[in-house]
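# Descriptive analysis of the structure
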Amino acid sequence: MNVLVYDGPGVSSLQKPLIATLKALLSSYYDVIPINHTDLNTSPWEESTSLLVIGGGRDLLYLSSLQNGGIDKIRRYIENGGNYLGICAGAYFASSRVEFELDRPEYKVIGDRPFQFCPAIAFGSITKNFTYGSELGAKAMSIIDQHNQSIMTYCNGAPGFQFDQIIPNNVTVLASYADSKVPAIVDCKFGKGCAILTGPHLELSSDYIKEQADVLKSQGKNQDADILNEMVQPLSSTEESKNNLFRFILKSFKLKLNENNVSNDIPKKSTIWISCLDSNDLEYIKMQFQSKTVDTDEQGNLILVDEMNTWIISNTLDMNHQYDSTNLKQFISFYNQHQSIEHLNPLKFNIIKYQEYLKSHCDDIPQIGSTLLYSDTIGSTQTSFDKNPKFSSIFPSGTVFVASEQTAGRGRGKNSWISQQGCLMFSLRIIHSHPNSIIFLQYLFGLAVVEAIKSLPNCSNFPIHLKWPNDIYVKLGEELKKVGGILVTSEYINKAFHLTIGCGLNVLNSKPSICLQDLISDTLSKELLLSKILTTFQDLYQELTYNINSNEKDVFQPFRDRYYQHWLHTNQIVQVRDEVDTLKSYTIRGIDESGFLKVKSTDGLNTILSLQPDGNSFDMLKNLIYVKE
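Residues numbered from 1 in each chain as written. Predicted model: local features only at pLDDT ≥ 70, side-chain atom pairs only at ≥ 80, totals over all residues. Heavy atoms only, no water.

### Digging into the overall build of the chain
We count it as follows: To qualify as a helix, a DSSP run of H or I must reach at least 4 residues; to qualify as a strand, a run of E must reach at least 2; elements of each kind are numbered from the N terminus. Relative accessible area decides the class of each residue, using a 1.4 Å probe on protein chains only: under 20% of the type maximum gives buried, over 50% gives exposed, and in between gives partly exposed. In short, Shrake-Rupley with a 1.4 Å probe defines the accessible areas, and a residue's cover is counted only from the protein chains shown.
Across its full length, the chain holds 16 helices and 32 strands. Considering the chain as a whole, with its 629 residues, one finds that 56% of them fall into the buried category. Within the structure as shown, the chain displays about 28000 Å² of accessible surface, and the carbon and sulfur contribution to it stands at 46%.

Structure, rendered in structure tokens:
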């Protein structure tokens, strides 16, 4: 499930610490995702969302940006049992009416608001001298919680809530401003859902305020810096109580919190190790690096400057070398069998074990998987390949890049794959020259994943399934749990398609959902499963290539029945909008010769359509659009 954080027009610079704090508290169970106004307006985000957060910024821009469907969708989402957290501007936005800075014409905002989650006027600013883009109106304000405890909080433009005579039964005041007794944080029941609105920024730590003061000082904004520095001590004095209040609010939405706070710090990156089953392949890759590099550093390391990253090739780094994740430099070294890479932690990845498994599945050195890149921690294996053309061109088709942890892992659309230790995360580089068959590669790879899992000991009846077009689910009774996903990106270079097939599978990590090891009695290893997936895919890919070379009209035909055995959509009913925006029901019949979803109308006319997704990141079977002939 997702926690969505609005990231469209109007948001302030406090978006980044808000997301960091939510990840620190929720990342073991939820994917914390920024979402823009377009997706809130049009995408089917509701069913997969546990909480929608709208933070600080400008509520008028929220209002204008969400007019095209988003306001109605959010309101229905809360009415039907969803959760909303509004912070500062997000709290103004969710109240019945806004009255902001009425005595200052250049700042004055007044008017009713459409959500009406809180039946109160959100008025402000509670602090004086509010100025957009400045700390001149910022202040450490004391609030009193339900336990009569004083908590210091950062406020800048914050609202208070004014109710008509008495506070209604569907509203609980969680905290009030100490000086005025005006409600500062309110819990509002709305339909079947819940909206909690807070004027103060509970998500901001005193450390963050101190860091921002230092930044402002370096920019010559001394007055703003001094204001923040004055807040640090009072904010830190009640930091634990403030954090507990924020946790209480999240628990009020019935969210599961991390057992311990996850650090907000981005993990440090580690060296990429390159290994090959064939030593000649490793020497060739070394030569390729040498031919493409144009410089060396002071230590004599080769330097390859690419479109996104700068690659530093060294033979002197140890396995534990780490460096700043925000640095776009990436260190590379070549692995040999004399180096010890035995991880005591089974959640990480062992190159030697992987190579042994891979060789045991093949009579000869396989084309797919024999060249391996591995890093304990990387930004994204997918991005490393598809955003760095010089780097990726060095490696042969069939190269796989594995990471134990990703700091910027990518999923479909704007989604991210939660990087939990024990998750198998990798990207496979494939060079493919037949354009009409590219769409089938994601289906073949999904089939390879499912068949590889079912080939494990005592797993022939394991309830693993494919959700079209690229998700992996287990079916437990009537309940479906996602355990993996596939992402394919491509670029056309020198008359061939250079594809990167990314995959994330919950193998040993029970959070955020469920993992394969929870359901399989035999001990699993990421090394064994990856080797089986890649050798299975090689067999399928070779058969596909044979069909292409034989000029078969429908190259996917030999795999279609095998694919249908595992997918979830036989005779499923879907809704499709026609050219006049009318929703009609169709029954899924399969995948057509072009790789699109084939459906038949349920109105008795037996109309056949070919469908493709609309590109949304949440549910590919929602908002389907048909392919015109």
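There is more to say, and it comes next.
### Remarks on helix α4 (residues 70-79)
In an α-helix, one turn spans 3.6 residues, which is why side chains three or four residues apart end up on the same side. To be explicit about the condition: Directions pointing from the helix axis toward each C-beta atom define the arc.
Within α4, burial applies to Gly-70, Ile-71, Lys-73, Ile-74, Tyr-77 and Ile-78. End-on, the buried residues of α4 take up no more than an arc of 165 degrees, which puts them together on one face. Taken from the residues just after α4, Gly-81 is the one with a positive phi, measuring 115 degrees.

### With respect to the sheet that holds strand β6 (residues 109-112)
Let me state the cut-off plainly: Only strands that DSSP links by at least two bridges are regarded as paired with each other. The axes are straight lines fitted to the C-alpha atoms, using for helices just the contacting stretch, and the angles between their N-to-C directions are given from 0 to 180°.
With mixed pairing, four strands are arranged side by side in an open sheet as β6-β5-β7-β10. Every other strand in the sheet has two partners, leaving β6 and β10 (160-162) as the edge strands with one partner each. Sheet twist, expressed as the mean angle between neighbouring strand axes with direction ignored, is 25 degrees. Here strand β5 (residues 95-100) pairs with strand β7 (residues 118-124) via five bridges, running parallel. In the strand pairing of β7, Val-98 is matched with Ala-122.

### With respect to the pairing of β5
Burial analysis of β5 places five of its six residues in the buried class, which makes it a mostly covered element. In this structure, β5 lies alongside β6, joined through four bridges in antiparallel fashion. Paired with Arg-97 across the strands is Asp-112, a residue of β6.

### Digging into the pattern of salt bridges
Worth spelling out the cut-off: Salt bridges, as used here, are contacts in which a Lys or Arg side-chain nitrogen is within 4 Å of a carboxyl oxygen on Asp or Glu.
In total, this model carries 16 salt bridges according to the counting rule given. The salt bridge partner of Asp-112 is Arg-97, with a shortest N-O separation of 3.0 Å. Residue Asp-112 is located in strand β6, and its partner Arg-97 is located in strand β5; the two are separated by 15 residues in the primary sequence. Its relative accessible area of 53% is what places Asp-112 among the exposed residues. On the basis of relative accessible area, Arg-97 is assigned to the partly exposed category, the value being 25%. The partner of Lys-217 in a salt bridge is Asp-226, with the nearest N and O atoms 3.9 Å apart. One salt-bridge network, held together by shared partners, links Arg-97, Glu-99 and Asp-112.

### A look at helix α10 (residues 351-361)
Looking at α10, one finds that the buried residues are Ile-351, Tyr-354, Gln-355 and Leu-358. Along the axis of α10, the buried positions cluster into a sector of 95 degrees, meaning they face one direction only.

### A look at the sheet that holds strand β12 (residues 183-190)
Within the open sheet, the nine strands sit side by side as β2-β1-β3-β4-β13-β12-β11-β8-β9. Their pairing is mixed. Each edge of the open sheet carries a strand with a single partner, namely β2 (31-35) and β9 (150-155). On average, each strand axis in the sheet is tilted by 25 degrees relative to the strand beside it, whichever way the strands run. Alignment of β12 against strand β13 (residues 193-198), held across six bridges, turns out to be antiparallel. Each bridged residue has a counterpart across the sheet, and for Val-186 the counterpart in β13 is Leu-197.

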